[in-house]
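Survey of secondary and tertiary structure
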Amino acid sequence: MNNTIALKSILHKEVHRFMRIWVQTLVPPAITICLYFVIFGSLIGKRIGEMGGFDYMSFIVPGLIMMSVITNSYSNVASSFFSAKWQRNVEEMLVAPVPNWVIVAGYVGGGMCRGILVGLIVTFVALFFVDIQVHNIWVIIATVSLTSATFALGGLINAIFAGSFDDISIIPTFVLTPLTYLGGVFYSISLLPEFWQGVSQANPIVYMVNAFRYGFLGISDVSIVTAFAVIGIFIVTLFTIAMVLISKGIGLRS
Amino acid sequence: MTYALEITGLKKTYKGGFQALKNIELKVKQGDFFALLGPNGAGKSTTIGVMTSLVNKTEGQVKIYGHDIDNALELAKSHIGLVPQEFNFNQFEPLTNILVNQAGYYGVERKTALIRAEKYLKQLELWDKRDEPARALSGGMKRRLMIARALMHEPKMLILDEPTAGVDIEIRRAMWDFLQQLNEEGITIILTTHYLEEAEMLCRNIAIIDGGEIVENTTMKGLLAQLDIETFVLDLVPTQHQVSIDGIVSRQLDDHTLEIDISKHQSLNQVFAQLSLQNVEVKSMRNKSNRLEALFVSLINQSGSAKENSKVVA
Ligand SMILES: Nc1ncnc2c1ncn2[C@@H]1O[C@H](COP(=O)(O)OP(=O)(O)O)[C@@H](O)[C@H]1O
Ligand SMILES: [Mg+2]
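Thresholds, definitions, all that
- Residues numbered from 1 in each chain as written.
- Chains lettered and ligands numbered in written order.
- Predicted model: local features only at pLDDT ≥ 70, side-chain atom pairs only at ≥ 80, totals over all residues.
- Heavy atoms only, no water.
- Near = heavy atom within 4 Å.
- Polar contact = N/O pair within 3.5 Å; in protein donor to acceptor, adjacent residues only side chain to side chain.
- Areas by Shrake-Rupley, 256 points an atom, 1.4 Å probe, with all protein chains shown as cover.
- Helix = DSSP H or I, 4+ residues; strand = E, 2+ residues; numbered from the N terminus.
- Nonpolar A, V, L, I, M, F, W, Y, C, P; charged D, E, K, R; others polar.
- Core = buried A, V, L, I, M, F, W, Y, C linked by side-chain atoms within 4.5 Å.
- Buried < 20%, exposed > 50% of the residue type's maximum accessible area, 1.4 Å probe, protein only.
- Contact = heavy atoms within 4.5 Å.
- Salt bridge = Lys/Arg side-chain N within 4 Å of Asp/Glu carboxyl O.
- Axes fitted to C-alpha atoms, helices over the stretch in contact; angles between N-to-C directions.
- Left-handed = near helix turned anticlockwise from the far one by under 90°.
- Buried area = accessible area lost by both parts, 1.4 Å probe.

Right, let's talk about the site of ligand 1 for a bit. Every residue lining ligand 1 is accounted for by Ser-254 of chain A together with Tyr-14, Phe-18, Ala-20, Pro-39, Asn-40, Gly-41, Ala-42, Gly-43, Lys-44, Ser-45 and Thr-46 of chain B. In the environment of ligand 1, an oxygen atom lies 3.2 Å from a nitrogen or oxygen atom belonging to the backbone of Ala-42 of chain B. Within the contact set of ligand 1, an oxygen atom lies 2.8 Å away from a backbone nitrogen or oxygen of Lys-44 of chain B. Across the complex, the protein chains shield 65% of the 560 Å² of accessible surface that ligand 1 would expose by itself. With three residues, the single largest contributor to the shell around ligand 1 is helix α1 (residues 44-51) of chain B. Broken down by class, the residue content of the shell around ligand 1 amounts to five nonpolar, six polar and one charged.

Structure follows, in structure tokens:
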């Protein structure tokens, strides 16, 4: 009961935060997606022709939505938790009888809210450019929730270790962006030489993008079961790491 | 009755090897108004940090209302309201949100929290500012905001870490009144300070901490009584006479040195009168500072506000 109220408080605060600064949090992804559609869809897409049996624009839409979900879930938790450390208001939670799992769940939940809300906005914008079909809505919902949870956890771990604002942009720039661009958003993995296909299988984002695309178009480069297994393993691992770090008080308690 | 706070053998060595707490022993009764007095760097904030789980202890035991922080941390924490030394709220958040969120962390429903927020914001004269972001407040207001925040879950014990540092004198007095009123309502209050005057005004019991150790732990009255007594050293013309003065504690150190303890209510005239009767001649006299005074002098030198505290040493 008490924990439910504490969890609701953290969620409330988190959602409030990104809504208050909506110009920084909700508008940019909508603009980015428009640019992608204009360039890849209308200008270049026509010359590429079909990919995986669909016109290029339809092929990339799921990946583009997923990309914004990933970036926003991650950066929401990374910046919010780091700034709570920076301003020391994280102590408000630490001195209160809030169990560690509630702190993790609250921040991850907040990141998921932003990720999914941005996903919806981007989907809505996409509707102006393409017809979006739905193959399996449950796969869509499951993939987007699990993926945003994974990256929200990643953002939390990043913020726990971060000692400065620079530290929360290093991972997105040097790890997240490359993995996303190489994660099969813009092409089917099957187009790659065999060696690079193998390498791609080590990239978790490949599984997320393909499971998501399967939900819309019914096509995927990897098996859906494998995809969910991979995402599941990531969530469990990252959650465990986040819990251990917070219990030990890394970066939080001296 | 269980103590509100019971600390035994508490030690803390920070990463890097600095030992901030050497061996803290402390007991605070329920309903007490308790001062933890000590110079900067003495270990006050570290002690509070351990109690509120912001600092991991190295060794020792801490019980809050009987709940050991080692095995009932959440229960222990639910009894404490903390007003930390440094501002630690989200500067961009409006006051009401800060208070309601904090209450939520302690399991207080939003509806109840809004009622309490109104009550404390009004009592602490912040109601007009309720929708402003915290950064728009003055220093004294921020301090009061943290007091309101600490009270939102109606804790049994309020801990204030140097609550009046940097707060001007009028607001300080208003704050003192408010704290006294809380204490009368039954809330145990522990405050750290480096102003003896503040402790003297407010507190019934006091511990003095220095270098990570409790060097004195007594009632405020007891401490003031000790402070009341001044020791003088008299330089005498050498005498074989065994000097003694009625009603005055004295120690004859050698044939020409006599130490006397005089309380503020006693008069030096009677000392000299008796010495004359015994044909003892005093060449000169000086003030001997005792351990406690020396400690206060060091406290005051470090506090940087010697003027305000000068009456203590005078
Ligand atoms: N996080 C920390 N790491 C290392 N040393 C610290 C840390 N926090 C405080 N100290 C040191 O511990 C000592 C006690 O500090 P503190 O408890 O803040 O004193 P006080 O509150 O009485 O002024 C000081 O010497 C301080 O420099
Ligand atoms: Mg301090």
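Core analysis: the biggest nonpolar cluster contains 111 residues, and Phe-81, Tyr-107 and Phe-186 of chain A together with Leu-5, Val-62, Ile-64 and Met-157 of chain B have the highest contact counts within it. Counting residues per element, this core draws most heavily on helix α4 (residues 56-86) of chain A, which supplies 17 residues. If sequence neighbours within four positions are ignored, Phe-81 of chain A has contacts with Val-90, Ile-103, Tyr-107, Leu-156, Ala-159, Ile-160 and Leu-252 of chain A. Membership of the second largest hydrophobic core comes to 46 residues, among which are Leu-37, Val-100, Val-108 and Met-175 of chain B.

Moving on: the pattern of salt bridges. Residues and elements named next belong to chain B. One pass over the structure, following the stated rule, counts 12 salt bridges over all chains. Between Asp-70 and Lys-57 there is a salt bridge, and its shortest N-O distance comes to 3.0 Å. Of the two residues, Asp-70 sits in the loop between β5 (67-68) and α2 (73-78) while Lys-57 sits in the loop between α1 and β4 (59-64), which places them 13 residues apart along the sequence.

Residue and element names in this part refer to chain A. Look at α4 against helix α6 (residues 100-126): their axes get within 8 Å of each other, and the N-to-C directions meet at 145 degrees. α6 is crossed by α4, and the crossing has right-handed handedness. Of α6, the residues touching α4 (which contributes Val-61, Ile-65, Ser-68, Val-69, Asn-72, Ser-73, Ser-75, Asn-76, Val-77, Ser-80, Phe-81 and Ala-84) are Ile-103, Tyr-107, Gly-110, Gly-111, Arg-114, Gly-115, Val-118, Gly-119, Val-122, Thr-123 and Ala-126. Among the residues making up the contact of α4 with α6, the classes are represented as 11 nonpolar, 11 polar and one charged.

Counting residues at the interface gives 33 residues for chain B, matched by 26 residues for chain A. Summed over both partners, the interface of chain B with chain A buries about 2600 Å², with 49% contributed by carbon and sulfur atoms. Applying the counting rule to chain B against chain A returns two salt bridges. With a shortest N-O distance of 2.7 Å, Glu-92 of chain A and Arg-149 of chain B are connected by a salt bridge. Taken together, chain B and chain A are joined by 13 residue pairs in polar contact (both at pLDDT 80 or more). Elements that contribute at least two residues to the side of chain B that touches chain A include exactly α2 and α3 (95-105) of chain B. Element by element, the count of residues in the side of chain B that touches chain A is highest for α3 of chain B, at six residues.

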